[in-house]
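Chains, contacts and geometry: an overview
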Amino acid sequence: MGRLFAVEIVYRGIFQKNLARNISRAIVLAAHHEGKPGISFGRYGDSPERNGIPAKSFAIVATDDVTLEEGMAKYEPKEVDITIVVDDTLCKGVESWAWYGLQPINRLTKPGGTLIVTSHENSETLISMAHRKETPYQLAIVKGTPSFSGLWVYKDDHSDVRILGTMAKVLPELFSLASVQQVIRAEWNDELKATSALRAYERATTVTVQPTQGNPEKPFEFQMPKWTEMREGIAIPAIPRGHQMKDPNTGEMGGYQPERNPTFKKFTTRTMRPVVDFDTCIKCTLCWLQCPDSVFDVTPDGLYDANMEACCGCGVCEAVCPVSNCITMVNETQFADNDSQWRMWKEDKEGYKGWLKEKIANRPERSHGFRFRGQYAEQVPDMLKIAREG
Amino acid sequence: MTEALATPPQKQLAADKTSLITGSEAIAVACKLADVDVITAYPIRPYDTVMQYVAKLVSNGELDCEYIVAESEHSQFEIVKHASAVGARVFCGSSGVGWMYAFEALTVTPALRIPMVAMVGNRALDDPGAFGVEHNDALAVRDLGWQLVWVDSAQEALDTALIAYRVAEDRRIFLPCAISCDGAFLTHSQALVKVPSQEKVKAFLPRYDRGDLLLHPDNPITVAPQVNEDWLMEIRRQTAAAMDRSPAVIREAYADFERIFGRSYGNPFFEEYQTEDADVVLVGMGTLSNPVRVAIRQMRQEGKKVGFVRVRWFRPFAAEELAATLGRFKAVGVIDRDFSLGSPYRSGVLATEVRAAMYPAPNRPPIVGFICGLGGREVTVPAVREMTESVYLAAEGTTQPGTKWIGLRE
């Protein structure tokens, strides 16, 4: 029996599909360059994808064909040598529509395996976002803005080759820098990309993440019923009606909080979240009306509180809000929990003001997909500067 | 017996090129190599990946064909049917309920003797929106005169598509052929595939010549006038005769394929894995071969002599040959990635066919049916071992052969 290698690429649906596929293809081609056979595939259940929903691609490589077949005999690998995270907000965990429940980002990472994350954050922040793991693993950061583009367009900001260069450093048994550079030249015919891979290789460092580090929460799970327990005719119970909310100060009941699907929460789709300045809200109802996910709870005092267990972070509320700076989208990396902003505001209005100001300073540096002609030409030079200078 | 149509072996044909492509892409590449004239499309997962690759080949100028995105699967199959009648080499395909939506067109294609080659990206027949693999979609046409073949790798998909054109367009046959590729496991998985040179394909695949059946002003004929009880039995008998000639033509095509491409598939109709000294065997179709082979290697290390027979051609069904092979073992387990509710012994389609094939055979080992991997559920190595245990029990006569559901939450 030879050696089997598995790599997963966790990405944001649509926005990063091409990025993930480019990486997983190049892994197989680079290994093939060294005589190792392999396959590359996206997890089928993730697709058809939706904007931002967590999805995965896999690359399976082996030292020989028989060993490769062992790896192919599984629908997807049960453990991986490397987990590539092309958007740092995915570190909080992923809930795909290919399964039920929330999976820690490092769930498949082997003991001693490596998590490679594209991020501007430092290792402490990223480690605290990821769930705790029973065994130590390595973390490598590829400094940069998570690369978002579209299904039909590709932002060629070298994120792909910088990750590949980092891989050659952390797992040289899979492929060497020379092999991956060969593949980059053949696939993209771009010497600058080969150089970016080299620079990432030279700079790559890892830190060890201990079992005591990380988010201690147990992610929510869902037990699927037996065939004898299911209702016939593919009928499932409806989500119950909602209920009134309680004012934390007065105990007064009022407003309306809808019940939400307890088995599919969707919030790991979020890369940015709305923060609301309740002091300037004019109660126009537009956010509540326009939100595609019915995220806004109506409070007893007639305000609208974005519920973070349900919000996908699409930004429609910010776009429709007629008051300037009342709703602001903020990078999801800036939050450690899904707590109610309205409750925080009710309990300490002055404190909330300071919190709001600090959060708004961290507007997201990514954008959802392709917005206007020339957008990538504006964004790519910044990333190439990072690729060059670190 | 007519001579094979291929040209004699060439001196030096250009070498294969290795590409990292999916099963769907392999089919699209085969369309390019076969220089298909008319391709119609209508999107449904997982077949739609073929459309994407064909569209790319067309827009890159690598494939010169009429590429028509129809308004439904029904229209899609009707268009290629007519195009084929006027002498165009055609390709089409679908999946799951899309394939079923085209059913009217699918039913009339064989009787009109249209050598259409189609790809079925095997998908569950919903509801609601399930898109994992089940074989019931392609199997639905099993009685109608379609040739049906299952493949288990991207390489085999490419090679079989070329073979399918050769067989379908043979004047002795003129019947459609559908290539089944398991959704996800094959359609969406990129593997290293040897793409043959155009030269080799030219040597293997003659021009589509419809001859006297060509619908053309220079050859004034009417195709498919109204018929009634005075005609239909004879029409069916003609179609049956063409299907009966298919096995010999398939054999010729595989032999020529090996000669020209240098890749051998052995027996075209089914592939045997570690059967030589086996006590019991499993039988199945498609990509479940992968976990089965891995499980067999494990079990052999423990001294269990288990083999596997992967059925490729389901139509024509190699009944005599398969019965002779399976008669050598103490018991047989048939794995169906499909279902046939209310069928004899509540089995899947393949198990029912295998039982029918075995009835006249001198040696009839017990047959256990398994329903497994529906809707794209993984057929795991432990599941294969569980099935093998059941087959061993049947060999000892300790259980009644019947049908078991494997990997079910119960």
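A short note on the packing of aromatic side chains
All names here are of chain A. If you walk through the whole model with that rule in mind, you get 19 aromatic pairs over all chains. Between Trp288 and Tyr304 the ring centres are 6.3 Å apart and the planes differ by 35 degrees, which places this aromatic pair in the tilted class. With a gap of 16 residues between them, Trp288 in helix H7 (residues 286-290) and Tyr304 in strand S12 (residues 304-306) connect regions that are remote in the sequence. We classify Trp288 as partly exposed; its relative accessible area is 40%.

Details of the sheet that holds strand S7 (residues 177-182) of chain B
All names here are of chain B. Overall, mixed pairing links the seven strands, which are arranged S3-S2-S4-S5-S7-S6-S12 in an open sheet. In this open sheet, the two edge strands, each paired with only one partner strand, are strand S3 (66-69) and strand S12 (313-315). The mean angle between the axes of side-by-side strands here comes to 20 degrees, regardless of whether they run parallel or antiparallel. Together, strand S4 (90-94), strand S5 (117-122), strand S6 (147-150) and S7 form the strand contacts of helix H7 (residues 154-168), whose direction differs from that of S7 by roughly 170 degrees.

Things to note about the domain arrangement of chain B
Put simply, an interface is often sized by how much accessible area is lost when its parts join up. Residue and element names in this part refer to chain B. Domain boundaries in chain B define domain 1 (17-261) and domain 2 (270-406). Here the C-alpha centroids of domain 1 and domain 2 sit 28 Å apart. Of the residues lining the interface, 27 residues belong to domain 1; the matching set on domain 2 comes to 23 residues. Taken together, both faces of the contact between domain 1 and domain 2 bury some 2,200 Å²; the carbon and sulfur share is 59%. Contact with domain 2 buries area across many residues of domain 1, yet Arg142, Trp150 and Asp152 alone supply 24% of it, more than any other trio. Where domain 1 touches domain 2, the interface holds seven salt bridges. Residue Glu156 pairs with Arg312 through a salt bridge whose shortest N-O separation is 2.5 Å. At the junction of domain 1 with domain 2, the criterion picks out 17 residue pairs in polar contact (both at pLDDT 80 or more). When contributions to the side of domain 1 that touches domain 2 are tallied by element, the ones reaching two or more residues are helix H6 (136-139), S6, S7 and helix H9 (232-261). Tallying contributions element by element places H9 first for the side of domain 1 that touches domain 2, with six residues. Here the side of domain 1 that touches domain 2 is built from residues that sort into 15 nonpolar, five polar and seven charged.

What to know about the interface of chain A and chain B
Of the residues lining the interface, 29 residues belong to chain A; the matching set on chain B comes to 27 residues. Taken together, chain A and chain B are joined by four salt bridges. The closest approach of N and O atoms between Glu69 of chain A and Arg297 of chain B, which form a salt bridge, is 3.0 Å. Residue assignment for the side of chain A that touches chain B shows that the elements contributing at least two residues are helix H1 (17-33), strand S2 (38-42) and helix H2 (65-72) of chain A. Grouping the amino acids of the side of chain A that touches chain B by side-chain chemistry returns 16 nonpolar, six polar and seven charged. Two elements, S2 of chain A and strand S8 (residues 189-195) of chain B, share three bridges in a ladder whose sense is antiparallel. Bridge pairing in S8 of chain B links Ser40 of chain A to Gln190 of chain B.

Topic: the sheet that holds S2 of chain A
Across a sheet, strands are paired by hydrogen bonds formed along the backbone, either parallel or antiparallel in direction. Reading across from one edge, S7(A)-S6(A)-S5(A)-S4(A)-S1(A)-S3(A)-S2(A)-S8(B)-S1(B) is the order of the nine strands in this open sheet, with mixed pairing throughout. Among the strands making up the open sheet, the edge pair consists of strand S7 (207-209) of chain A together with strand S1 (17-21) of chain B. Here the strands of the sheet are splayed against their neighbours by 25 degrees on average, with no regard to which way each runs. Where helix H1 (residues 23-33) of chain B meets the sheet, its contacts fall on S1 and S8 of chain B, and the angle it forms with S1 of chain B comes to roughly 135 degrees. Of the strands in this sheet, S1 and S8 of chain B are in contact with H7 of chain B, which crosses S8 of chain B at around 50 degrees.

A closer look at the packing of helix H10 (residues 289-301) of chain B against helix H13 (residues 381-396) of chain B
All names here are of chain B. Interhelical geometry of H10 versus H13 gives an angle of 65 degrees and a closest axis separation of 8 Å. As H10 packs across H13, the resulting crossing turns out to be right-handed. Contacts between H10 and H13 involve Pro291, Val292, Val294, Ala295, Gln298 and Met299 from the former and Val381, Val384, Arg385 and Thr388 from the latter. Split into classes, the residues belonging to the contact of H10 with H13 amount to seven nonpolar, two polar and one charged.

Points about the domain arrangement of chain A
All names here are of chain A. In terms of domain boundaries, chain A breaks down into domain 1 (4-216) and domain 2 (239-360). The distance between the C-alpha centroids of domain 1 and domain 2 comes to 33 Å. Between domain 1 and domain 2, the residue contacts involve 21 residues of the former and 15 residues of the latter. It is Thr89, Lys92 and Glu95 that lose the most area in domain 1 upon contact with domain 2, and together they represent 43% of the buried surface on that side. Put simply, Lys92 and Glu332 hold a salt bridge, and the shortest N to O gap is 2.7 Å. In terms of residue class, the side of domain 1 that touches domain 2 is built from eight nonpolar, seven polar and six charged.

Things to note about a nonpolar patch on the surface
Side chains of Trp227 and Met230 of chain A together with Leu341, Trp405 and Leu408 of chain B sit close together on the surface and give an oily, nonpolar patch of about 550 Å² of accessible area. Checked against the element boundaries, Trp405 of chain B lands in strand S15 (residues 403-406).

Rules of the game
Residue numbering note: each chain is counted from 1, following its sequence as written. A letter from A marks each chain and a number from 1 marks each ligand, given out in the order of writing. Two thresholds apply to this predicted model, a pLDDT of at least 70 for residue-level local features and 80 or more for giving and counting side-chain atom pairs, whereas whole-chain, interface and lining totals are computed over all residues. Based on all heavy atoms of the structure, the side-chain values leave hydrogens and waters out of the count. Ring pairs are drawn from Phe, Tyr and Trp, using the six-membered ring of Trp, whenever the two centres fall within 6.5 Å, and their geometry is named by plane angle: stacked under 30 degrees, edge-to-face over 60, tilted for the rest. By definition, any uninterrupted DSSP run of H or I lasting at least four residues is a helix, any uninterrupted run of E lasting at least two residues is a strand, and each is numbered from the N terminus. Any residue under 20% of the maximum accessible area for its type is buried, any over 50% is exposed, and the rest in between are partly exposed; the area is computed with a 1.4 Å probe on protein chains only. Pairs of strands are assigned from DSSP output, requiring at least two bridges between the strands. Where helices are involved, their axes are fitted lines through C-alpha atoms of the stretch in contact, as for all axes, and angles between N-to-C directions lie from 0 to 180°. Only heavy atoms matter for contacts: two residues are in contact if any of them lie within 4.5 Å across the pair. The split into domains, and so the bounds of each, comes from an automatic or database assignment of domains. The buried area of a pairing is the accessible area, by a 1.4 Å probe, that goes missing from both parts when the two are put together, added over both. One side-chain nitrogen of Lys or Arg within 4 Å of one carboxyl oxygen of Asp or Glu is enough to make a salt bridge. Under the rule applied, a polar contact is a pair of N or O atoms within 3.5 Å (in protein, one hydrogen donor and one hydrogen acceptor; residues adjacent in sequence only if both atoms are side-chain atoms). Each residue is assigned to one class: nonpolar for Ala, Val, Leu, Ile, Met, Phe, Trp, Tyr, Cys and Pro, charged for Asp, Glu, Lys and Arg, and polar for all the others, Gly among them. What makes a crossing left-handed is the near helix being turned counterclockwise from the far one by less than a right angle; a clockwise turn instead makes it right-handed. Exposure above 30% relative accessible area and the lack of any salt bridge qualify a residue for a patch; like charges then connect within 9 Å, and the nonpolar side chains Val, Leu, Ile, Met, Phe, Trp and Tyr within 5 Å. All accessible-area figures derive from a Shrake-Rupley calculation using a 1.4 Å probe, and residue coverage is judged against the displayed protein chains alone.

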